[in-house]
Amino acid sequence: QVQLVESGGGLAQAGGSLRLSCAASGRTFSLYAMGWFRQAPGKERVFVAGISRGGGSTIYADSVKGRFTISRDNAKRTVYLQMNSLKLEDTAVYYCAADGGVITSVVHTTIKEYDFWGQGTQVSVSS
């Protein structure tokens, strides 16, 4: 069992930056690939970024590629999402998730692959 708590959301101006953090409980954090998803009002939850167990592999949605960076610190049991050059369309609730069914370098991009979810943190981008 893994419990995830996101933080760092808030209000930012277009072109600005925010850094999200997701702290995990449990001793086996390094055995989980981690992902960030987001859900805008009235829309489905979608994949944003993912990182492998050891951090050596990352995947990004095309919409955030080059602007967002996912990273993790296994010693701190924390995964981060650095968001730069924010756009209005980045406004959403952001969720981190843990995927326990992976081998070392695999990163999944679909919701069904992720076993544990945080409660979400709101990111709002204004013009």
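Everything below is about the structure shown above.
Residues numbered from 1 in each chain as written. Predicted model: local features only at pLDDT ≥ 70, side-chain atom pairs only at ≥ 80, totals over all residues. Heavy atoms only, no water.

Asker: Before we go on, may I ask you to explain the overall build of the chain in this structure?
Answerer: Along the backbone of the chain there are 0 helices and 11 strands. Tracing the chain from N to C terminus, the helices and strands come up as β-β-β-β-β-β-β-β-β-β-β. A globule of 127 residues ought to have a C-alpha radius of gyration of about 14 Å, and the chain, at 13 Å, matches this closely. Seen along its three principal axes, the alpha-carbon backbone of the chain occupies a region of about 40 × 25 × 25 Å. Relative to its full complement of 127 residues, the chain shows a buried share of 43%. Considering only intrachain contacts with a sequence separation of at least 6, the fraction spanning at least 24 residues in the chain is 59%. Here the chain displays about 6300 Å² of accessible surface, and carbon together with sulfur accounts for 48% of that area. Counting 13 positive and 9 negative side-chain charges, the chain places the centres of these two groups 5 Å from one another. (Helix = DSSP H or I, 4+ residues; strand = E, 2+ residues; numbered from the N terminus. Rg over C-alpha atoms; globule rule 2.2 N^0.38 Å. Buried < 20%, exposed > 50% of the residue type's maximum accessible area, 1.4 Å probe, protein only. Contact = heavy atoms within 4.5 Å. Areas by Shrake-Rupley, 256 points an atom, 1.4 Å probe, with all protein chains shown as cover. Lys, Arg positive; Asp, Glu negative; His and termini not counted. Charge placed at Lys NZ, Arg CZ, Asp CG, Glu CD.)

Asker: Explain the state of the cysteines to me, please; I cannot follow it from the model alone.
Answerer: Should the sulfur atoms of two cysteines be covalently bonded, the bond is a disulfide. Scanning the model with the defined rule gives 1 disulfide in all. Each disulfide pairs two cysteine sulfurs, and for Cys22 the partner residue is Cys96, the sulfurs being separated by 1.9 Å. Because the sign of the S-S torsion sets the handedness, a value of about 40° for the bond joining Cys22 and Cys96 places this disulfide among the right-handed ones. With Cys22 in strand β3 (residues 18-24) and Cys96 in strand β9 (residues 92-99), this residue pair connects regions lying 74 residues apart in the sequence. Taken individually, Cys22 and Cys96 each receive the classification buried, so the pair is uniform in this respect. (Disulfide = S-S within 2.5 Å.)

Asker: What exactly am I supposed to notice about unusual backbone geometry here?
Answerer: Only a minority of non-glycine residues have a phi that is not negative, and only a minority of peptide bonds are not trans. Residues other than glycine seldom take positive phi values, yet Arg77 does so here, at roughly 55°. Phi is positive for Ser85, which is not a glycine, with a value near 50°. Looking at the secondary structure, you find Ser85 in the loop between β8 (78-83) and β9.

Asker: Honestly, the sheet that holds β3 in this entry has me stumped. Any pointers?
Answerer: What links the strands of a sheet is backbone hydrogen bonding, and the strands pair in either a parallel or an antiparallel sense. Spatially, the 4 strands line up as an open sheet ordered β1-β3-β8-β7, and their pairing is antiparallel. Each of the sheet's edge strands pairs with one partner strand only, and the pair in question is β1 (4-7) and β7 (68-73). Neighbour-to-neighbour, the strand axes of the sheet open up by a mean angle of 15°, direction not taken into account. The pairing of β7 with β8 spans 6 bridges and is antiparallel. By the bridge assignment for β8, Ser71 is matched with Tyr80. (Pairing = 2+ DSSP bridges. Axes fitted to C-alpha atoms, helices over the stretch in contact; angles between N-to-C directions.)

Function cannot be inferred from these measures alone, as they are strictly geometric.
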